[in-house]
Amino acid sequence: MNTILLTGREAPEVALPWPDLVALESTLRGSVLMPGDAGWDDAVRLWNGLVTKHPRCVVQPADAHDVARTVDFAREHGLLLGVKCGGHNIGGSAVPDGGIMLDLSRLRSVKVDPVRRLAHVGGGCLLQHVDRAAQEHGLATTLGFISEVGVGGLTLGGGFGYLARRFGWAVDNFEEVEIVTADGQVRTANRAENADLFWAVRGGGGNFGVVTRLVLRLHPVGPTVLGGLVAWPFDRAEEVMTGFRQLTDTAPRELTAFMVVMNAPPAPFVPPAWHGRRVVAMTVCYSGDLARSEQAVAPLRGLGEPVFDLLQEWPYTQQQSYLDDAEPKGHHYYWRTEFAAGLGEELLSTVRDVSAACPVPMGQVVVAHVGGALNERAWDDGAVGNRDVRYVFGAAAAWEPEDPRADDYIAWTRDSGDRLRAFSTGASYVNFQTPEDDLSRLRTTYGANWERLVEVKRRYDPVNLFRTNRNISPL
């Protein structure tokens, strides 16, 4: 074999001389994988089985030098390049179809400085790695709520979870990043050094380089919180949704509740008579003084007669992982989501209507409360913007591969998303956007920050090397 065909950055295919790839590997501390090699399947596997793209070659860097060498190689040979942190993106943005993929799974060191309350996090870490290390010192930061999600992918797009109401978007807790830019340089970016680049990565996604290390601000949380899931019959939806709105209007910052309309799973904690029946549930996390926890959740207790009530005191790390099994890797997923500044009656009525019409056994309509600390910063404090957001909401379908009703599930999700968009700020969470969301959707999401993002992109990635994302083109 003298050459290997890969997708080009500008050309459909590039015939790469095989000795060039061998030479690349000889300069790395990490490894290069090809189809059939040991570890290939794990390296290319994504969470969303609906994504059918595949790279032609995978580089697993051992350090920032390896990343820089690979970036240089892809740029010099005109190759399509992608970056995988955890592979949990709904649109499969990590995968350069037919190109070369950087799999950061070897960059998973976490060092916690409990005195300065900082976490130094490798670019390939998953949420569970950071949560566990930080909780050894009773600390945490804003991250998501599925423990197998990659920290880099989640945070660079903004990042929200149970702690967003207290501490803002995940990027509001960035102190510094180490990033390899398109010219192959390893740079440090913070508020004083490469400040424009630091501003852009706080919400601009993977458009500006490969983040190999993040420094995150930590806060006292846990180690025990009140959390879990509680659900009521769907025929009480109007009452429960009104209660959710009242709760989120008055809840202390330490309390976060996400409302989920779904079919009750066939789980041991669900009464058998309710298996597969529609419920209105809330996933709850109270991270404050446990002596006040029951007072905080009293409005939920006041709704009475739940189908099941799993609210309990447990470790914060368990709160961060107990929903993992609800989103198994390899299932097919399709979402349409929005940002909202408030919960009006018409929005809640529409949520009830689209939920009632849901044909997807594992379908959900979700309303997540995030309002609080993120609303108190200036719109241009980081590229993330969207400082008017108080809720993230939308329709989500999930199904097993080969389910013959997939087209119906997608149609319901699209229709529901169209109906719900009427109540949107016009923007949506970048990490939940898919290739179906056009450029205007992306521009609207960044709003007044868009032109500045384009200028930073032109400076650090003028050839648009990093493009397999929600792309901000330098053109």
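Residues numbered from 1 in each chain as written. Predicted model: local features only at pLDDT ≥ 70, side-chain atom pairs only at ≥ 80, totals over all residues. Heavy atoms only, no water.

## With respect to the environment of Val112
In step 1: Within the secondary structure layout, Val112 lies in strand E7 (residues 110-113).
In step 2: Excluding anything up to four places from it in sequence, Val112 contacts Leu118, Ala119, Ala133, Ala134, His137, Leu139 and Leu218. (Helix = DSSP H or I, 4+ residues; strand = E, 2+ residues; numbered from the N terminus. Contact = heavy atoms within 4.5 Å.)

## Considerations on the packing of aromatic side chains
In step 1: A full pass over the atoms with the stated rule returns 17 aromatic pairs.
In step 2: Geometrically, the ring pair formed by Phe145 and Phe258 is edge-to-face, given 5.5 Å between the ring centres and 70 degrees between the ring planes. With Phe145 in the loop between strand E9 (139-140) and helix H5 (151-156) and Phe258 in strand E15 (residues 255-263), this residue pair connects regions lying 113 residues apart in the sequence.
In step 3: The class for Phe258 is buried, based on a relative accessible area of 4%.
In step 4: When the ring of Trp335 is compared with that of Phe432, the centres are 4.9 Å apart and the planes differ by 80 degrees; the resulting orientation is edge-to-face. Linking Trp335 in strand E19 (residues 332-340) with Phe432 in the loop between helix H13 (406-420) and helix H14 (439-446), this pair joins segments that are 97 residues apart in sequence. Each of the two residues, Trp335 as well as Phe432, counts as buried.
In step 5: Following the ring pairs from residue to residue traces out a cluster consisting of Trp47, Phe145, Phe160, Tyr162, Trp169, Phe258, Tyr333, Trp335, Phe339, Tyr429 and Phe432.
In step 6: For Arg452, the ring lying beneath its charged end belongs to Trp199, and the centroid distance is 3.9 Å. (Phe/Tyr/Trp six-rings, centres within 6.5 Å; stacked < 30°, edge-to-face > 60°. Buried < 20%, exposed > 50% of the residue type's maximum accessible area, 1.4 Å probe, protein only. Lys NZ or Arg CZ within 6 Å of the ring centre and 35° of its normal.)

## Some points on the nonpolar core
In step 1: Counting residues in each nonpolar core, the largest one holds 68 residues, and the members touching the most others are Phe160 and Phe208.
In step 2: Ignoring sequence-local partners within four residues, the contact set of Phe160 consists of Thr142, Leu143, Gly144, Phe145, Trp169, Phe258, Ala368, Val370, Val392, Tyr429 and Phe432.
In step 3: Core analysis: the next-biggest nonpolar cluster, separate from the first, contains 44 residues, Tyr286, Leu300, Ala406 and Ile410 among them. (Core = buried A, V, L, I, M, F, W, Y, C linked by side-chain atoms within 4.5 Å.)

## Regarding the sheet that holds E7
In step 1: If you trace the 5 strands from one edge of the open sheet to the other, you get E7-E8-E12-E10-E11, paired in antiparallel fashion. Every interior strand has two partners, whereas the edge strands, E7 and strand E11 (186-189), have only one. The mean inter-strand angle of the sheet, taken between neighbouring strand axes irrespective of direction, is 15 degrees.
In step 2: As defined by bridge partners, E7 adjoins strand E8 (residues 118-122) across 4 bridges and the pair is classed as antiparallel. In the sheet register, Lys111 faces E8, and the bridge partner there is His120.
In step 3: Running over the sheet, helix H4 (residues 127-135) touches E7 and E8 and is turned about 30 degrees from E7. (Pairing = 2+ DSSP bridges. Axes fitted to C-alpha atoms, helices over the stretch in contact; angles between N-to-C directions.)

## Observations concerning the pattern of salt bridges
One side chain can pair with another of opposite charge once the charged atoms of both are near each other.
In step 1: Enumeration over the complete set of coordinates arrives at 31 salt bridges.
In step 2: We note a salt bridge from Glu10 to Arg467, for which the minimum N-O separation is 3.0 Å. With a gap of 457 residues between them, Glu10 in the loop between strand E1 (3-6) and strand E2 (14-17) and Arg467 in the segment after helix H15 (450-460) connect regions that are remote in the sequence.
In step 3: The closest approach of N and O atoms between Arg301 and Glu294, which form a salt bridge, is 3.0 Å.
In step 4: A cluster of three or more residues bridged by salt bridges with shared partners is formed by Arg336, Glu338, Arg414, Arg421, Glu436, Asp437 and Arg441. (Salt bridge = Lys/Arg side-chain N within 4 Å of Asp/Glu carboxyl O.)

## Re the environment of Asp249
In step 1: Structurally, the position occupied by Asp249 is in helix H8 (residues 237-250).
In step 2: Classification of Asp249 by relative accessible area gives exposed; the value is 58%.

## As for the side chain of Ser416
In step 1: When you line up the elements, Ser416 lands in helix H13.
In step 2: For Ser416, a relative accessible area of 1% corresponds to the buried category.
In step 3: With residues up to four places along the chain from it excluded, the contact list for Ser416 reads Val354 and Ala395.

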